[in-house]
Amino acid sequence: MSLQDMEWGDLVGRTFLCAVDQRPFESYGNKFCVLTPLVSAEGERVDEPRERLFPNRGRIWWMLRRELDERWITPGVVLTVQLERAVEDDSDRPDKDLLQARRDLTVLGSNSYLEVIRLDHDPEVGQLLDGAGIPWERPTISRVLVAGPKNVVGPWAADWSPDGRVRLKALIPGRPLVWRASLKKLGQTILDVGFTANGWDKRFPEVTIRVGLAHESILETLEQIGEGIDAADDHQVMNWALKRMGYSRSEQQRIKAIIERASEAATEEEAPPGRMDRFRKICASADRVMGLGADVAKELTSHEAFQHLIEENLENVLEERLSREVESRRATIERQTRELEEKCQDIQKDLARLDEEYAEKDRQLEAELRQSQARRAQELEDRERALEVHLDRLAEQEHRLNQRAEALQEKFEERNEAIYQRLLDDLPILMRIRQHERPAISESDERVERGDWGERDSADSTELLPTFLARPRECGGLTESELLDQFQRVARYRGFVFERDDLANIHIAAKVGLWTVLAGPSGTGKSSLPRLYAEALGVQEEQLFVSVRPDWMDDRDVLGGFNSLSGRYEPAASGLVNRLIAAYEDERAGRGGLYLICLDEMNLSRVEHYFAHFLSVMERPATSRSVELYAASLGSAADPYAAYRHLPIGDNVRFIGTVNIDETSYFFSPRVIDRASLIVLEEPDLSGSVLPENDRDRLGGLQPVHRSEYESWIRSHDQAKESVRAFVMELDEVLRRGRSGLAHRTFRRFLRYVASAESLLDEDRAFDLAFAQIVIPRLKQSAVGFSAMIDGLRQKMTEGRFPRSATLLERLIEAQGDYDFFQLL
């Protein structure tokens, strides 16, 4: 099928010759480039407009291999490319190419094509073999043809150098032969393709590029219709001549010198009439004598009369030539000496003139500087006086505002006390009005009025529970490694790229700790990861996603509070209380569910304010870990939340928070950091193939995880290896130099993480991650003994064994002044 009949999807897996469209640029640590398709490997030319076969820009996306030298990647350079579908093949976005070059199968040049170098004159072989080369602005294919207006000469082996020249030699050294043929006779076998480069690279102006290409089958045509020309270089010619003559190089030089001197000193003594004139003509040029061939040269050098002339006149010729050479050199030296003396005098005059000009400019600049300094000093004095006056006015205004604020506060307190007292006085009346105006009540409400509550399974409390609690939970029988495979499969199916170690890290941190925080720049997948993890565990119904609001001030925005007017507890709109109640009832029934509570963008407001209840109880044992919804003196048995006034938080609950790293959010206080594992998500590597997003499709073949299975994968700190415990103790000694020693709960969490990671990560990798997300966030540059502590940590947490921790420690050292952990990321 020809290119005319194809669509862009048919090109996947096919090979094309392409030209570089722009210089490489860097993105996310990789080098990228755009290519223009020229011709298929089968010889079919890519006609304009290229956008038909290569939407949307008529170009191809290419990520360079790291070993390629960028000097050889300039607009117009030809490459052989195998095509594949682009990572982001979005046809609705005109700035996205739908095809890209397969990285491992893209090579410079071509094995089946020759590049045609165009000159403005018909090339001569002698000029092309000149060692200086011919000018050419970009690297060429290794085999080339040189074309003028009428003729083509080739083939040649091309060697391009960064000085912008191409040096040519015969393609086959043992057979230095090229052919000259008429450009007209070659017809359409030479392709001339043009395009506009740098259209998407604003660093450089657009430029028109023309690339000439010829398939290697043209070589047979050249031999058939062309004229064969010797393309031996000077070295090959000289070697050939010496071999024919039977002389070495040193012998050839001596023969040339003898012939030249003999021609100058020859006389007609003892020679037949006319013989010497003829000899002088023959010896007029030493090069001509050497060109007569080996037989004539041997005959001349072996002739008795010739040898007699050499012996008789050699000494005189040498003396005369030496004297002439000495006189010539002396005259040249005297002339050059006079010229240098004159130049030296001119230079001295110029130096004196420049000294005077410099001194004058120096005086002018000094005067201007004194004037400028005086003006600047006067301006500073004026500004200081104006600033003092402004500060006095501000202080006066601040004093008046403080007085007004104090008066308003007193007035507000008086009115608040009056309103509160009036509300207390009217409360009995309001309660009676409410009872009279209450609408018809259901049977369950009548039981509430009668006080018929029973235990926690009353009708009012039961209606708080979700319907999925009535369905039994299955046990999938997965191993922990199989769960991680399932986690990775879910992420890829939903269109995300995460390293397996990062997914394992999130799973380990979540299973060993009540609270895990995912931090990183916007767009790294923080908010999606809890959903993906819940889907991999099979707990999508049990999961709760809470979007933190910037106006949250205290825990009432999360938990809700008691309404004195209605006489009932009213939970917050976040739904957190109802989901914690469901988790408690799930645990009582032994259903085996896992509850993931995700607080998205939790640092939009201050965590230590709205999450205060949870921070207080987070490190307690599960048997005493609960939050109080309202005081015991408030409410009544009619409130459906009365049974959960002390709401337990069991081991089947995990909190996962996400944190954006930008200037619009709050950083964490030490109290918050000390209770969480802070996982830093790196920017994803998008070089791999990414599946399209399938948010609405249900992924089949997933096995749910029962709580009993999940807890079987958790190891206590007592189960950590003795070598790990010893190394943590060594690090604790170093941390104590900066008064940052590990607390008991930090020490236990560290060991619990490393022990629980044994089946998923190697020991050094687990240790590196635990140190980076549990210990480093607690370090402060302002701590006493920081330098000694950080030096000790760098010696132990080496880059070879613990790369992530070593990188964060280096950033910590480079941080200026005091800082927050998130500023290192």
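Here the structure is shown first, and the text comes after it.
The rules behind each value
- Residues numbered from 1 in each chain as written.
- Predicted model: local features only at pLDDT ≥ 70, side-chain atom pairs only at ≥ 80, totals over all residues.
- Heavy atoms only, no water.
- Helix = DSSP H or I, 4+ residues; strand = E, 2+ residues; numbered from the N terminus.
- Buried < 20%, exposed > 50% of the residue type's maximum accessible area, 1.4 Å probe, protein only.
- Contact = heavy atoms within 4.5 Å.
- Areas by Shrake-Rupley, 256 points an atom, 1.4 Å probe, with all protein chains shown as cover.
- Axes fitted to C-alpha atoms, helices over the stretch in contact; angles between N-to-C directions.
- Parallel < 35°, antiparallel > 145°, perpendicular 65-115°, else oblique.
- Left-handed = near helix turned anticlockwise from the far one by under 90°.
- Nonpolar A, V, L, I, M, F, W, Y, C, P; charged D, E, K, R; others polar.
- Core = buried A, V, L, I, M, F, W, Y, C linked by side-chain atoms within 4.5 Å.
- Pairing = 2+ DSSP bridges.
- Phe/Tyr/Trp six-rings, centres within 6.5 Å; stacked < 30°, edge-to-face > 60°.
- Expected span 1.5 Å × (residues − 1).
- Salt bridge = Lys/Arg side-chain N within 4 Å of Asp/Glu carboxyl O.

Caption draft 1: Highlighting the overall build of the protein. Along the protein, the regular secondary structure elements total 25 helices and 25 strands. Here the protein, with 825 residues, has 41% of them falling under the buried criterion. Within the protein, contacts between residues separated by at least 24 positions form 73% of all contacts whose residues are at least 6 apart in sequence. Summed over all atoms, the accessible surface of the protein reaches about 46,500 Å², with 49% contributed by carbon and sulfur.

Caption draft 2: Representation of the packing of helix α12 (residues 480–493) against helix α14 (residues 528–537) within the structure. Packing of α12 against α14 leaves a shortest axis separation of 9 Å and a crossing angle of 130°. With respect to each other, α12 and α14 are oriented oblique. Judged by the twist between their axes, the crossing of α12 over α14 is right-handed. Seen from α12, the contacting residues are L483, Q486, F487, V490 and A491; seen from α14, they are L529, L532, Y533, E535, A536 and L537. Its residues placed into classes, the contact of α12 with α14 shows 9 nonpolar, 1 polar and 1 charged.

Caption draft 3: Representation of the nonpolar core within the structure. Membership of the largest hydrophobic core comes to 68 residues, with the highest contact counts inside it found for L529, L537, Y753, L761, F767 and L793. The biggest single contributor to this core is helix α23 (residues 763–775), with 8 residues. In this structure, L761 is in contact with D501, A504, I508, Y753, A766 and L769, ignoring residues within four places of it in sequence. Counting residues in hydrophobic clusters, the runner-up holds 47 residues, among them I581, Y584, M602 and Y610.

Caption draft 4: A look at the sheet that holds strand β24 (residues 653–660). In spatial order, the strands read β18-β21-β24-β17-β25; together these 5 strands make up an open sheet with parallel pairing. One side of each edge strand has no neighbouring strand; the edge strands of this open sheet are β18 (544–547) and β25 (677–680). The average angle at which neighbouring strand axes cross in this sheet is 20°, direction not considered. Bridge analysis of β18 against strand β21 (residues 595–600) gives 4 bridges, and the strand direction is parallel. Its bridge partner lying in β21, S547 is registered against D600. Its contacts with the sheet place helix α13 (residues 500–512) against β17 (515–520), β24 and β25, and it is angled at close to 170° to β25. Strands β18, β21 and β24 of the sheet are contacted by helix α16 (residues 576–589), whose axis makes an angle of about 160° with β21.

Caption draft 5: Broad picture of the packing of aromatic side chains. Counting across every chain of the model gives 23 aromatic pairs. Measuring from centroid to centroid gives 5.4 Å for F32 and W61, while their planes differ by 25°, and the two rings are stacked. Of the two residues, F32 is situated in strand β3 (residues 30–40) and W61 in strand β4 (residues 60–63); the sequence distance between them amounts to 29 residues. Ring centres 5.5 Å apart and planes at 50° place the aromatic pair W515 and F611 in the tilted group. One end of the pair, W515, is in strand β17; the other, F611, is in the loop between α17 (607–610) and α18 (612–617), and 96 residues separate them in sequence. Relative accessible area serves as the criterion here: at 2%, W515 is assigned to the buried category.

Caption draft 6: Focus on α16. Across its 14 residues, α16 extends 20 Å between first and last C-alpha, which sits within 8% of the 20 Å expected from 1.5 Å per residue. By the burial criterion, the buried members of α16 are L576, V577, R579, L580, I581, A582, A583, Y584, E585 and D586. Looking one or two residues beyond α16, the residue adopting positive phi is G590, at roughly 70°.

Caption draft 7: How the structure looks around the pairing of β24. Counting buried residues in β24 gives 8 out of 8 residues, a clear majority hidden from the surface. Of the two faces of β24, the one lined by V653, F655, G657 and V659 and the one lined by R654, I656, T658 and N660 are each fully buried. Of the pairings in the sheet, the one linking β17 to β24 comprises 6 bridges and is parallel in character. Residue pairing across strands places L518 opposite T658, the latter belonging to β24. Sheet analysis places β21 next to β24, joined by 5 bridges and oriented parallel. Within β24, the position partnered with C598 by the bridge is I656.

Caption draft 8: Looking closely at α13. If you check α13, its first and last C-alpha atoms are 18 Å apart, about what 13 residues at 1.5 Å a residue would give, namely 18 Å. Counting buried positions over the 13 residues of α13 gives 11, a clear majority of the element. When we look at burial in α13, the residues that qualify are D502, L503, A504, N505, I506, H507, I508, A509, A510, K511 and V512.

Caption draft 9: Structural context of the environment of K150. Relative to the assigned elements, K150 resides in the loop between β10 (143–147) and β11 (151–161). Spatially, the C-alpha atom of K150 lies 6.5 Å from that of D122, the residues being 28 residues apart in sequence. Every residue in contact with K150, bar those within four places of it in the chain, is listed here: D122, A181, S182, L183 and K184.

Caption draft 10: Representation of the environment of A231 within the structure. Position of A231 relative to the elements: it lies in the loop between β16 (227–230) and α4 (234–245). Distance from A231 to P176, taken between C-alpha atoms, is 5.0 Å for residues 55 residues apart in sequence. Ignoring any residue separated from it by four or fewer positions in sequence, one finds A231 in contact with V125, L129, W156, A170, P176, L177, V178 and Q236.

Caption draft 11: Expanded view of unusual backbone geometry. Of the consecutive residues E48 and P49, the connecting peptide bond is found in the cis state with omega at -10°. Among the structural elements, P49 can be located in the loop between β3 and β4.

Caption draft 12: Representation of the pattern of salt bridges in the model. Taken as a whole and assessed by the stated rule, the structure comprises 48 salt bridges. Between R50 and E48 there is a salt bridge, and its shortest N-O distance comes to 2.5 Å. Relative accessible area serves as the criterion here: at 3%, R50 is assigned to the buried category. Across the pair R335 and E339 runs a salt bridge whose closest N-O atoms are separated by 3.5 Å. Within this pair, R335 and its partner E339 are both found in helix α9 (residues 304–437), separated by 4 residues, close to a single helical turn. With relative accessibility at 39%, the residue R335 sits in the partly exposed group. Connected via shared salt-bridge partners are R473, E542, D586 and R591.

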